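# Structural overview for review
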Amino acid sequence: MSDTIKKIGVFTSGGDSPGMNAAVRSVVRACAYHQIECIGIYRGYEGMIDGDFIEMDARSVKGIINKGGTVLKTARSKAFRTKEGRAKAHEQLVKAGINALVVIGGDGSFTGAMIFNQEYNFPVMGIPGTIDNDIYGTTHTLGYDTALNTVVEVIDKIRDTASSHNRLFFVEVMGRDVGHIALNVGIGAGAEEILIPEEDLGLDRLLESLRRSKQSGKSSSIVVVAEGDKIGKSVFELKDYVEENMSEYEVRVSVLGHLQRGGAPSCFDRVLASRMGVKAVESLIAGDSNYMVGLKNDIIQVTPFDQAVKGKSKVNMELLRVSDIMSV
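This section reports on the structure supplied with the text. Every value quoted in this text rests on a predicted model; they were computed, and no experiment measured them.

Criteria and thresholds
Residues numbered from 1 in each chain as written. Predicted model: local features only at pLDDT ≥ 70, side-chain atom pairs only at ≥ 80, totals over all residues. Heavy atoms only, no water. Pairing = 2+ DSSP bridges. Helix = DSSP H or I, 4+ residues; strand = E, 2+ residues; numbered from the N terminus. Axes fitted to C-alpha atoms, helices over the stretch in contact; angles between N-to-C directions. Contact = heavy atoms within 4.5 Å. Parallel < 35°, antiparallel > 145°, perpendicular 65-115°, else oblique. Left-handed = near helix turned anticlockwise from the far one by under 90°. Nonpolar A, V, L, I, M, F, W, Y, C, P; charged D, E, K, R; others polar.

### As for the sheet that holds strand β3 (residues 53-56)
- Spatially, seven strands are ordered β3-β2-β1-β4-β5-β10-β11 in an open sheet, and the strand pairing comes out mixed. Two strands bound the open sheet, and with one partner strand each, they are β3 and β11 (299-304). For this sheet, the mean inter-axis angle between neighbouring strands, taken without regard to orientation, is 30°.
- Pairing of strand β1 (residues 7-12) with strand β4 (residues 100-105), which is carried by five bridges, proceeds in the parallel orientation. Following the sheet pairing, G9 is matched in β4 by L101.
- Packing of helix α1 (residues 20-33) onto the sheet brings it into contact with β1, β2 (37-41), β3, β4 and β5 (124-128), and relative to β4 it is tilted by some 160°.
- With respect to the sheet, helix α4 (residues 107-120) is in contact with β4, β5 and β10 (291-296), its orientation differing from that of β4 by roughly 160°.

### Structural notes on the packing of helix α7 (residues 203-215) against helix α8 (residues 235-245)
- Following both chains from N to C, one finds α7 and α8 inclined at 60°, their axes separated by 11 Å at the closest point. As judged from the angle between their axes, α7 and α8 are oblique. α7 and α8 meet at a crossing whose hand is right-handed. Along its contact with α7, which presents L203, D204, L206, L207, L210 and R211, the element α8 presents L238, Y241, V242 and N245.
- A class-by-class count of the residues in the contact of α7 with α8 yields seven nonpolar, one polar and two charged.

Laid out in structure tokens, this is it:
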């Protein structure tokens, strides 16, 4: 056990995701349980450079487990990408007596933490918080489950309109590099087609699929599109192409955008955040550093930062086959 860890700083960085507050709560209360001081750092790395700190205890985090977003705020920090910025951040941490960090964020946040650790040998642990589920070393990132439930609920509502007007809807969901959200909500919401970055369906095959749906008696269709899909330059280009080649369809586009990142976290995300926060704190106490905590086979395990950052999160391609069968 490390006897040098007396005060742990916790912050949220990058894009917000449901479950971040639950993770902050877990870190703070795990520190209180182990009689270690905890300092909240506002606005991620930017707040670290500015020394924007607040003392937190078990009562500081009451009533936040059910809230979306992050009470500690988040911000992108150009300054932290420079040696001068990191030196200022280190100076502020030392001045405040903080001797370990828990960063809640995505691969960019972890890259910053990894570099900071290399330069100053500063103990850091990461908790993956991003709805895209695109971090290697965990089957679920914080916010992913909540986002799935949010998107399925929205698509269910869109289907009501699609059915009423015999329309085809392209629904764009988040997923710049991976199609976890699109693939899972597509199956969960009964989409006729799913377009993801991992598979280039092609315009001709898309039209063929839509024609099959029409011939089978479907009067309306939902196509879920990951924002990183490679078929067209944009979902609006897809709309124009389909309208040009299938005049029988009245096509609409719905870009769900940031509503996917909001809302109260699901029970799954609250429990996961609680488990991850405890693991992060206890790993630091045990003398571990430069790891990300993650969920594997329902066990909270750790993955080295460099693997988490460089590794590739892969979708379950078997789900594509399931989707094809379900869209008959």
